[in-house]
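# Results of the structural survey
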Amino acid sequence: MRISAIVLNTFREAIREKALYLVVAFGILLIISGRLVTPLALGEEAKIMTDLGLSALSLFSLLIVVLVGTSLLRKEMERHTAYSVLSKPVRREEFILGKYLGLLLTVTLAIFLMSLILILTLRMTTGKWEPVMLLGAFFAFLEAVVLTGAAVFFSTFAGSVTSSLFILSIYVLGETSGSLKYWVDRGGSQLGKGAVSLAYYMLPNLTALNVRGELVHGVPVTAERIIFCFSYSLLYAFATLAIAVLVFRRRDLA
């Protein structure tokens, strides 16, 4: 009950942010603008729209986490609302979990809205319904599960700008984790290999959560991969939130 109250309060705070509406509007505009290039697609309209739309889902979900999520906890601290909440019978882990779920609910709603626009735009462009786009939206949601956890973690000890830079760096490195794996397998000095290996296993493997190539080219996404990615996202988010709770417990809020 206490967590649900924090979730709803966080959600209300998030949807008041003007940046949220600006990001979602740009995402929808980018999806719709894909129709402008379809006359030049030479029969590849569906592939171009799918690629552009799914890329927009991933990119603008990231921007919501960066622009809205990283500032939520910081604003709570600056306005001293966190102090009043924690002065009540609310444990710090409940506070962190409520903030996480409230932000994730906000990002999920934005993903749903942009996915709906993408499906309708594909329908108008190709004349066919593309329910497989829901799978793309699901994987965008899994990315958000991971990145939102990271945003909450960084917000427990860093400012908004620093947290945003951390999240953007994690996103870029996570999307290129395959390259890190290549350097680990290739070898080199033990020290360098150990450092790269540590980074590979600590950073989120966003490459595994990227199914845009498969959906664009009509390659089936196996049930095993869906289950693995779902489990991986939950475990990674749980780990980051557990560390966030440990950090937040050590903060002096007096």
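Cut-off values and rules
For every chain, the first residue of the written sequence is number 1, and numbering continues from 1 along that sequence. With pLDDT at 70 or above as the cut-off, local features in this predicted model cover only qualifying residues; side-chain atom pairs require 80 or more to be listed or tallied, and sums for whole chains, interfaces and linings still use all residues. Neither water nor hydrogens contribute to the side-chain values; these are computed over all heavy atoms in the structure. By definition, a salt bridge exists where a carboxyl oxygen of Asp or Glu is found within 4 Å of a side-chain nitrogen of Lys or Arg. Three exposure classes are used, based on accessible area relative to the maximum for each residue type with a 1.4 Å probe and protein chains only: buried under 20%, partly exposed in between, and exposed over 50%. Helix numbers and strand numbers start at the N terminus; a helix is a DSSP run of H or I with at least 4 residues, a strand a run of E with at least 2. For patches, a residue must show more than 30% relative accessible area and have no salt bridge; joins then use 9 Å for like charges and 5 Å for nonpolar side chains, namely Val, Leu, Ile, Met, Phe, Trp and Tyr. Methods summary: accessible areas were calculated by the Shrake-Rupley approach with a probe of 1.4 Å, and residue burial reflects only the protein chains presented. For the purposes of these results, a polar contact is taken to be a pair of N or O atoms within 3.5 Å, where, inside protein, one atom must be able to donate a hydrogen and its partner to accept one; residues adjacent in sequence count only when each atom of the pair is a side-chain atom. In what follows, a contact means two residues having at least one pair of non-hydrogen atoms within 4.5 Å. Every axis in this analysis is a line fitted to C-alpha atoms, fitted for helices over the stretch in contact. Angles between the N-to-C directions lie between 0 and 180 degrees. Any angle that falls under 35 degrees is termed roughly parallel, while one over 145 is termed roughly antiparallel, one within 65 to 115 roughly perpendicular, and all others oblique. Should the near helix be turned counterclockwise from the far one by less than a right angle, the crossing is left-handed, whereas a clockwise turn marks it as right-handed. Polar here means any residue other than Ala, Val, Leu, Ile, Met, Phe, Trp, Tyr, Cys and Pro, which are nonpolar, and Asp, Glu, Lys and Arg, which are charged; Gly is therefore polar.

## Observations regarding the pattern of salt bridges
- Counted under the stated rule, the structure contains five salt bridges.
- With a shortest N-O distance of 3.4 Å, R91 and E94 are connected by a salt bridge.
- We classify R91 as partly exposed; its relative accessible area is 46%.
- For E94, a relative accessible area of 8% translates into the label buried.
- It is possible to trace a salt-bridge network through shared partners that takes in R91, E93, E94 and R249.

## Things to note about the environment of I243
- Among the secondary structure elements, I243 is positioned in helix 11 (residues 223–249).
- Residue classification places I243 among the partly exposed residues on the basis of a relative accessible area of 43%.
- Put simply, I243 and T156 are 87 residues apart on the chain and 9.9 Å apart in space, counted from C-alpha to C-alpha.

## A few points about a nonpolar patch on the surface
- Together, L109, F112, L116, L120 and W129 give the surface a local cluster of nonpolar side chains, amounting to about 520 Å² of exposed area.
- Within the secondary structure, L120 is located in helix 5 (residues 92–126).

## Observations regarding the side chain of S163
- Within the secondary structure, S163 is located in helix 7 (residues 160–175).
- At 2.8 Å, the side chain of S163 and the backbone oxygen of G159 are in polar contact.
- Excluding residues that lie within four positions of it along the chain, S163 makes contacts with T70, F154, S155 and A158.

## A closer look at the environment of I117
- The residue I117 is located in helix 5 in this model.
- Between the C-alpha atom of I117 and that of L29, which follows or precedes it by 88 residues, the distance is 9.6 Å.
- When sequence neighbours within four positions are dropped, the list of residues in contact with I117 reads I28, I31 and I32.

## Remarks on the side chain of E17
- Relative to the helices and strands, E17 is located in the loop between helix 1 (2–15) and helix 2 (18–33).
- If sequence neighbours within four positions are ignored, E17 has contacts with V68 and K75.

## Topic: the packing of helix 1 against helix 5
- One way to put it is that helix 1 packs onto helix 5 with a least axis distance of 7 Å and a crossing angle of 45°. With respect to helix 5, the element helix 1 is oriented oblique. Note on packing geometry: the crossing formed by helix 1 with helix 5 is right-handed. Residue-level inspection shows R2, I3, I6, V7, N9, T10, F11 and A14 of helix 1 in contact with helix 5, the latter providing E94, F95, L97, G98, K99, L101, G102, L103, L105, T106 and L109.
- Residue composition of the contact of helix 1 with helix 5, grouped by class: 11 nonpolar, five polar and three charged.

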